[in-house]
Amino acid sequence: MTNTLLLPTAPALRLARGVYVHIPFCLVHCPYCDFNAHAGMDDVKGPYVEALLKEIRAAADGAPVDTMFFGGGTPTELSPGELGRILRVLRESFEVAPDAEVAIEANPESTTRATFDGLLAAGFTRVSLGVQSLAPHVLKWLGRAHTPERARAALADAEAAGFDHVNADLIFGTPGESLEDWRASLEGVLATGVDHVSTYALQVEERTPLASWVARGLRQAPDDDDQADRYELAAGLLPAAGLERYEISNWAKPGAWSRHNLCYWTGGDYLGFGAGAHGHRHGRRSWNVSSPRTYVARSPAVEEGWEELPAAERAAEAAIVGLRLAGGLDRARFAEVWGMDPVVRWEGELREAAGLGLIRITEQAVALTERGFFLWGHVARSLLS
Amino acid sequence: MKDRSLVRAFSLIAHVDHGKSTLADRILQVCKAVPEREMREQYLDRMDLERERGITIKAQAIRLQYPAKDGKTYELNLIDTPGHVDFSYEVSRSLAACDGVILLVDAAQGIEAQTLANLYLAIEAGLEVIPAVNKIDLPAADPERVSAELSSLIGIDPGSVLRVSGKTGAGVVELLEEVIRRVPSPKGAPEDPTRALIFDSTYDNYRGVVSFVRVLDGELTARQKVKMMATGSLHELEEVGVFAPTMMPVKKLEAGDVGYAIPGVKNVREAKVGDTITDAARPADEPLHGYREPKPMVWAGLYPTDGDQYADLRDALDKLRLNDAAFVYEPETSQALGFGFRCGFLGLLHMDIVRERLEREFDLDLLITVPSVAYEVVRVTGEVISVHNPAEMPDPAAIQEIREPLAAAMIITPKEFLGTLMELCQERRGEMKEMHYLSEDRVEIRYHLPLAEMIVDFFDQLKSRTRGYGSLDYEAIGYRPEDLVKVEILLHGEPVDAFSSIVHKERAYTYGRKMVEKLRELVPRQMFDVAVQASIGSRIIARETIRARRKDVLAKCYGGDITRKRKLLEKQKAGKRRMKQVGSVEIPQEAFMAALRLDDKK
Ligand SMILES: Nc1nc2c(ncn2[C@@H]2O[C@H](COP(=O)(O)OP(=O)(O)OP(=O)(O)O)[C@@H](O)[C@H]2O)c(=O)[nH]1
Ligand SMILES: [Mg+2]
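Here the structure is a predicted model, which is why all the values come from computation and not from measurement.

Engineer: How should the overall build of chain A be read in this particular structure?
Structural biologist: A count of helices and strands for chain A gives 16 helices and 17 strands. Each principal axis of the C-alpha distribution contributes one length, and for chain A these read about 55 × 50 × 45 Å. For chain A, with 385 residues in total, the buried portion stands at 59%. In chain A, 69% of the contacts between residues at least 6 apart in sequence involve partners at least 24 apart. Total accessible area on chain A is roughly 14,800 Å²; 53% of this is exposed by carbon and sulfur atoms. Charged side chains in chain A number 36 positive and 51 negative. The centres of these two groups are separated by 3 Å.

So, in C-alpha cells, the structure goes:
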C-alpha cells in the first residue's frame, strides 16, 4: 500500500515558478501527435532561436525560477550548443535557483552519447526520452522513426552521461500491442535504470492523420478496455519496481518527480517561450501564435491570446488539475488558497464520485481511488460549472 | 355575372407517378398561364419537399383560360392531386370542389392500386370520369393493353380512351376538348344564400389563415360579413381571389368558382377545412356536405429534442394543421422524452413529411418515437378505451381483451409475383379475401391484415418482392381481438416508456431480443453496469448487460496547456447535458434516435 501522505498534493503552498521553452521541430511528424511539432523546417531553426531569445530577453525580470523545461517537438533537433545558448540567456534573464531542475525532451533517433554529454555540459539535469514502445510492430504502427534497439541504447547513453534523472515516455494500448508487448516495454525501460516513467494511453486526437485514417477505416481505433487492462498492468508492475505513481500517467522513485510538471498540477506560475507556448501568471493564462514561421515573422509580438478566469472557475480548474495527483487535494491547503474546503464547495459532486468509488475523501485529502485514476474525466467534468 | 356554361372544374387523379403534375404543366402551357421563362417541370409542385422528392404532397388549384375549338374561351378550374396512398384524403377533398375528373394511367405500368382507389372516390362523388392513357411516348408504352384494362374496368369502349403524353404534349388539346364536352358546368344557384366549401387551407404569417374554397351557391366578396356554419364564428372577408397561377385578388367569387378567401383569422380552429362559409346577414339553412374527418392510421410521439422548444412545437403544429388537415395531435408526456405530442398520421410517408415540414418551416429539431397503431382495450370492468401510445397500455391484469385495427388491402401485381406476395401477407398474419385477374398477367388480390403489420416495412417489402411492379392501397376497416402483449424495455431496472411496444404474443420474444441487443450497442457505457431488459408485465424475456466504463481520462495533461484541456472537458460536459436522462442512465440524443428508428438494417 502506497503511503500517499508522502506524495505531492495540490495546491502547492509556496508557488514555484517554471519556464517552458518550446522547440517545435521534429525529424518526422508522428501521425498520432497533435502537439505543435513540424518536420522539414530546417530553414526556420536559425531565425527561430533568435526570435526565442528576443522573447526571453523581453520578459527578463530577474525574479526567481525553480524549474525549466524544454519541450517539443524534439528539442534535440537543435544542437547542444544552441540549447546551451538559450539556457545562458535564461540564466541572465532570471534568477535561476542553484538547485533548479533543468529538463529536456529527447528522441532516440536524434541522439547519441555525445548529444547527452553535450546536454549535461550545457546544464541540463534531467532528460525525458520518447521511447513509446519496445515492440517493433508498435513503433511501426505509431510511425516512429526509431527501433527498439536505438531506444534502449539512448536510455543507456542518457544514464551513462550522468543526469540526475532520466524519464522514459511510453504509449500503451496501440492496436496490435499485446499485453505481453506492453509488459516487455515496461520491463525493458526499467532494466535501463530510469527513475521516472510516463505512461500515456494512445488517444486519437482530432485533426491528426491518425484521426482521418481511423475515420476512413484504414486504422483501428484503440480499445478502452484494452487500455484499461494495460493501465492496470502498469499500476502493478511499476510500483513493484519502486516507481510510485504520483500522477495519473506518471511514476517515479521517491524524489524523482518532475518538479516542472508538478508546477502545472499544483497551480504554480510559469513563463512560456516559443511558438504555441503557454504561460500562467496569477490566474492569467496566455499563449503564443503556434506556427513557427508566424512566430518568427511576428517577433517580438508573439502572444496570440490570453484568458483570465473568474475566481470560481480558477478554483474548479485547480481542483480538476490537482486531482490528477495521486496525493490529491490537500483540503486545508485548498481552503487556504481558494477560500473553501473542496468537500464543502463541491459537496454533491464529490459525494457522488465517492459513491461511484472514484475518489476517497479523508479528513486531510480528496484523492482518486485505484479505480478512479482511469476515470478522472468523470470527476473532472462534474466539477466544471 | 359571368356565363357559367363556360366554366369547368375538374381534378387530375391517378396512381402515384403516373404523370398528373407533368400533364398539368402542358395544360398550363396550352392556356398560356405561365410565361415560358418561368415554366419549370411539375410547376404546381411548389413545396421544396415536393420538388426534392418528386412527388405531389398537397393538391393545388389553379384557374386557367382555355381558348376552345368552338371559338369560345372557357374558364378551367383545375386541381392537381397527389397520388400516394397516404394523401388520398387530399384527393377526396379536391373532388368535392369539382364536377369531373381526368383519370390518368401510365401506358407502361397499367392500372395500379391508387388508380382503382381514386376512381372509386370519383364515382362515389358522382363525378364524370374521363379516362386517359398517359406517357404514350415511352418506349415501353402499351396503350392497347392499358386501354383494354380501363375499358373492362369502367365498361366503356376501348377505342374511346384518350391517349396523351404529358411529356410531348401529344393529345393534350383533345383531352381538354373532351373535358369541355363531358364535364358539366357548375350547378348551384347564384341567387341563393352563399354556400362555399372550405376544401383546403394554408397559413400565411402576415395574413393568417387562407381558406381554399369552392363557391356552390351565391357569391363571396371582399368585405363581406360571413359565418362559418360549423363553428358559428363571424368574420369579415379581407380578400377573395383565384390562383392564376399565384394568388390574385378578384372582386368576387361566384357560384361554381374555385379560389381563396382570407377570413382574417389567426386561430386555425375558426376556419376549419370541411366547414361551409355562408353570408352572416342571409345565412343558408343547411351546410354543404363536408368531409369525413380523416382517420389517422399511424400514431407516434413527437418531441422537441430541446425541451425549451415545446411551446414552439405547439404553435408549429397549430399552423401546420391548417395546411394539412389530416393529422391530429394531443399533448403527452414521457418520462424519458419530456413534454411532447402524440400525433396521428395517415401513413409513414405522411409522418415523415409532417416531421420534415415542422423541422424546416418552423426551424425545430424533433425526435419521433416508433410509430404504432391505435388499439382498443376492453378493461375487466367492461370499459372500452382507445390506446394509441403503447406506454399507456393498462396493466395486463386489468385487461380483458385487446383488439387491434384491421386493414383491407388491395394489391395489384404481375402474376409471376403472386406467390411471394402471398407468402408476405401470410407472414404478416393476413387473410386472403379475394383474387381476380385484371388482364391475362395482372392480378388484383385483397387481404385483411393487421394494420400494425402494414405500417412497418410492408410496402418496401412489397416493392422489392415485385421489383417495383406491385402496388398497394389500403384502408382501415375496424378491430378484431388478438393475442397481444405489451413489451417493456427496462434500463437499469427503469422502464423506458418511449421503447414500449405492443406486439403479437408470438413475436414478443423476438422483438424483446432485438431491442435489447440494439440498445446494448447504442447506449454508451456508464460508470456502473447497466442491465438492459425486455419484459412482459413482471416477466423478463431478454437481458443484456452494458459493462461499466473503465476509461474516461485525458492522457496527457501537461505542456502547460490547461486551457485546452478545460475546453475539451467543457465540450464533453455540454455533450452530456444534451443527453436524455433515464433514471440514472444517460443516453445521447443520437443513440435514442437510432434506437427509435424502425429499420434495423445495419
Ligand atoms: N416519358 C414520359 N414521362 C413522363 C410523362 N409524364 C410524366 N413523366 C415522368 O413521370 C414521373 C412522374 O411525373 P409526375 O408528373 O410528377 O407524376 P404525378 O402523377 O404528378 O406524381 P404524384 O403527384 O407524386 O402522384 C416524372 O419523372 C415525369 O418526368 C410522359 O408523358 N412521358
Ligand atoms: Mg404530382
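Engineer: What is the right way to read the packing of aromatic side chains from this model?
Structural biologist: Aromatic rings in a pair are described by how distant their centres are and how their planes are angled relative to each other. This model, assessed by the stated rule, comprises 23 aromatic pairs over all chains. Between Phe116(A) and Phe163(A), the aromatic rings sit 6.3 Å apart at their centres with planes inclined by 85°, giving edge-to-face as the arrangement. Taken together, the residues span a long stretch of sequence, with Phe116(A) in helix α3 (residues 113–122) and Phe163(A) in the loop between α5 (148–161) and β7 (165–172) at a distance of 47 residues. Phe116(A) gets classed as buried once you look at its relative accessible area, which sits at 0%. According to the relative accessible area criterion, Phe163(A) is buried, its value standing at 9%. Arranged with centres 4.4 Å apart and planes meeting at 15°, the rings of Tyr231(A) and Phe374(A) form a pair that is stacked. With Tyr231(A) in helix α8 (residues 224–240) and Phe374(A) in the loop between α15 (370–373) and α16 (376–383), this pair connects stretches of sequence that are 143 residues apart. Every member of this aromatic cluster is reached through a ring pair, and the members are Tyr310(B), Phe327(B), Tyr329(B), Phe339(B), Phe341(B) and Phe345(B). We note Arg245(A) situated over the ring of Phe373(A); from NZ or CZ to the ring centre the distance is 3.7 Å.

Engineer: What am I meant to see in the packing of helix α12 (residues 508–522) of chain B against helix α14 (residues 589–596) of chain B here?
Structural biologist: Between two packed helices, the angle of one axis relative to the other and the distance separating the axes together describe the packing. Residues and elements named next belong to chain B. One way to put it is that α12 packs onto α14 with a least axis distance of 10 Å and a crossing angle of 160°. In terms of their interaxial angle, α12 and α14 are classed as roughly antiparallel. Where α12 crosses over α14, the handedness of that crossing is right-handed. Here Met515, Lys518, Leu519 and Leu522 of α12 come into contact with α14, specifically with Ala591, Ala594 and Ala595. Split by residue class, the contact of α12 with α14 holds six nonpolar, no polar and one charged.

Engineer: Help me out: how do you make sense of the site of ligand 1 in this one?
Structural biologist: All names here are of chain B. Lining the immediate environment of ligand 1, one finds 18 residues, of which Lys20, Ser21, Thr22, Thr56 and Asp137 sit closest. Note that an oxygen atom of ligand 1 is positioned 2.7 Å from one of the side-chain N or O atoms of Lys20. Note that an oxygen atom of ligand 1 is positioned 3.0 Å from one of the backbone N or O atoms of Gly83. When ligand 1 is considered free in solution it has 640 Å² of accessible area, and contact with the protein chains removes 84% of it. At three residues, helix α1 (residues 20–30) tops the list of elements feeding residues into the shell around ligand 1.

Engineer: Before we go on, may I ask you to explain the interface of chain A and chain B in this structure?
Structural biologist: For an interface, size is often stated in terms of accessible area lost upon the parts coming together. The partner chain B presents 28 residues to the 44 residues of chain A that form the contact. Between chain A and chain B, the buried area comes to about 3,600 Å², and carbon and sulfur atoms account for 53% of it. Of all residues in chain A, Tyr200(A), Arg381(A) and Leu384(A) bury the most surface against chain B, accounting for 19% of the area lost on that side. Here chain A and chain B share nine salt bridges between them. The closest approach of N and O atoms between Arg566(B) and Glu317(A), which form a salt bridge, is 2.5 Å.

Engineer: For this particular structure, what's the right way to read a negative patch on the surface?
Structural biologist: Residue and element names in this part refer to chain B. Residues Asp306, Asp308, Asp363 and Asp365 make up a contiguous surface patch of negative charge. Note that Asp363 resides in the loop between α8 (348–361) and β20 (366–368). When its relative accessible area of 63% is taken as the criterion, Asp363 is described as exposed.

Engineer: Please explain the coordination of the magnesium ion (ligand 2) as it appears in this structure.
Structural biologist: Around a metal, the ideal angle is 109.5 degrees if four donors adopt a tetrahedral arrangement and 90 or 180 degrees if six donors adopt an octahedral arrangement. All names here are of chain B. Within the protein, the magnesium ion (ligand 2) binds to Ser21 (OG) and Thr56 (OG1); these donor distances fall in the range 1.9 to 2.0 Å. Placement of the pair is Ser21 in helix α1 and Thr56 in the loop between α2 (48–53) and β2 (60–67), with a sequence separation of 35 residues. This pair shows no difference in class: Ser21 is buried, exactly as Thr56 is.

Engineer: Whenever I open this one, the domain arrangement of chain A confuses me. Can you help?
Structural biologist: All names here are of chain A. The assigned domain composition of chain A is domain 1 (11–265) and domain 2 (311–384). Computed over C-alpha atoms only, the centres of domain 1 and domain 2 are separated by 28 Å. Domain 1 puts 17 residues into the contact, and the matching count from domain 2 is 15 residues. Approximately 1,400 Å² of surface area, both sides summed, lies buried where domain 1 meets domain 2, with 67% of it carried by carbon and sulfur atoms. Counting across the interface, domain 1 meets domain 2 through two salt bridges. A salt bridge links Glu370 to Arg245, with the shortest nitrogen-to-oxygen separation between them at 2.7 Å. Counting the contacts that link domain 1 with domain 2 gives five residue pairs in polar contact (both at pLDDT 80 or more). The set of elements that each furnish at least two residues to the side of domain 1 that touches domain 2 consists of α8, β9 (244–247) and α9 (259–265). Sort the elements by how many residues they give to the side of domain 1 that touches domain 2 and α8 lands first, with four residues. Split into classes, the residues belonging to the side of domain 1 that touches domain 2 amount to 13 nonpolar, two polar and two charged.

Engineer: I tried to follow the sheet that holds strand β1 (residues 7–14) of chain B on my own but got confused; where do I start?
Structural biologist: Adjacent strands of a sheet form backbone hydrogen bonds with each other and so pair up, either parallel or antiparallel. Residue and element names in this part refer to chain B. Taken together, six strands build an open sheet; the order of strands is β2-β3-β1-β4-β5-β6 and the sheet is mixed. Two strands close off the open sheet at either side, each with one partner strand: β2 and β6 (162–163). As judged from the two bridges shared by strand β5 (residues 128–134) and β6, these two strands associate in the parallel manner. In the sheet register, Ala132 faces β6, and the bridge partner there is Leu162. Contacting β1, β3 (73–80) and β4 (100–106), helix α3 (residues 88–95) crosses the sheet at an angle of about 165° to β1. Running over the sheet, helix α4 (residues 113–124) touches β1, β4 and β5 and is turned about 150° from β1.

Engineer: Would you mind showing me how to read the nonpolar core here?
Structural biologist: Taken as a class, soluble globular proteins show a tendency for nonpolar side chains to be buried jointly. If you look at the biggest cluster of nonpolar residues, it comprises 115 residues, and the most contacted ones within it are Ile86(A), Leu90(A) and Trp376(A). Among the nonpolar cores identified, the runner-up in size contains 60 residues, and Val129(B), Val133(B), Leu253(B) and Leu438(B) belong to it.

Engineer: Just checking my understanding: could you explain the side chain of Lys58(B) for this structure?
Structural biologist: All names here are of chain B. Following the sequence through the fold, Lys58 ends up in the loop between α2 and β2. On the accessibility criterion, Lys58 (4% relative accessible area) is buried. There is a polar contact of 2.9 Å between the side chain of Lys58 and the side chain of Asp200.

Engineer: Even after reading the chapter, I still don't get the domain arrangement of chain B, so can you show me in this structure?
Structural biologist: Residue and element names in this part refer to chain B. Split by domain assignment, chain B resolves into domain 1 (4–182), domain 2 (195–279), domain 3 (299–371), domain 4 (397–482) and domain 5 (485–596). On a C-alpha basis, the centroid separation for the pair domain 1 and domain 4 is 28 Å. Taken together, the contact between domain 1 and domain 4 spans 15 residues of the former and 13 residues of the latter. Carbon and sulfur atoms supply 52% of the area that domain 1 and domain 4 bury against each other, a total of about 1,100 Å² over both sides. The closest approach of N and O atoms between Glu149 and Arg442, which form a salt bridge, is 3.3 Å. Scanning the region where domain 1 abuts domain 4 turns up seven residue pairs in polar contact (both at pLDDT 80 or more). At the level of secondary structure, the elements contributing two or more residues to the side of domain 1 that touches domain 4 comprise α4 and α5 (143–154). With five residues, the top contributor of residues to the side of domain 1 that touches domain 4 is α4.

Basis of the calculations
Residues numbered from 1 in each chain as written. Chains lettered and ligands numbered in written order. Predicted model: local features only at pLDDT ≥ 70, side-chain atom pairs only at ≥ 80, totals over all residues. Heavy atoms only, no water. Helix = DSSP H or I, 4+ residues; strand = E, 2+ residues; numbered from the N terminus. Buried < 20%, exposed > 50% of the residue type's maximum accessible area, 1.4 Å probe, protein only. Contact = heavy atoms within 4.5 Å. Areas by Shrake-Rupley, 256 points an atom, 1.4 Å probe, with all protein chains shown as cover. Lys, Arg positive; Asp, Glu negative; His and termini not counted. Charge placed at Lys NZ, Arg CZ, Asp CG, Glu CD. Phe/Tyr/Trp six-rings, centres within 6.5 Å; stacked < 30°, edge-to-face > 60°. Lys NZ or Arg CZ within 6 Å of the ring centre and 35° of its normal. Axes fitted to C-alpha atoms, helices over the stretch in contact; angles between N-to-C directions. Parallel < 35°, antiparallel > 145°, perpendicular 65-115°, else oblique. Left-handed = near helix turned anticlockwise from the far one by under 90°. Nonpolar A, V, L, I, M, F, W, Y, C, P; charged D, E, K, R; others polar. Near = heavy atom within 4 Å. Polar contact = N/O pair within 3.5 Å; in protein donor to acceptor, adjacent residues only side chain to side chain. Buried area = accessible area lost by both parts, 1.4 Å probe. Salt bridge = Lys/Arg side-chain N within 4 Å of Asp/Glu carboxyl O. Patch = residues over 30% accessible without salt bridge, like charges linked within 9 Å, V, L, I, M, F, W, Y side chains within 5 Å. Donors = N, O, S within 2.8 Å, 3.2 Å for Na, K, Ca; no water. Domains from an automatic or database assignment. Pairing = 2+ DSSP bridges. Core = buried A, V, L, I, M, F, W, Y, C linked by side-chain atoms within 4.5 Å.

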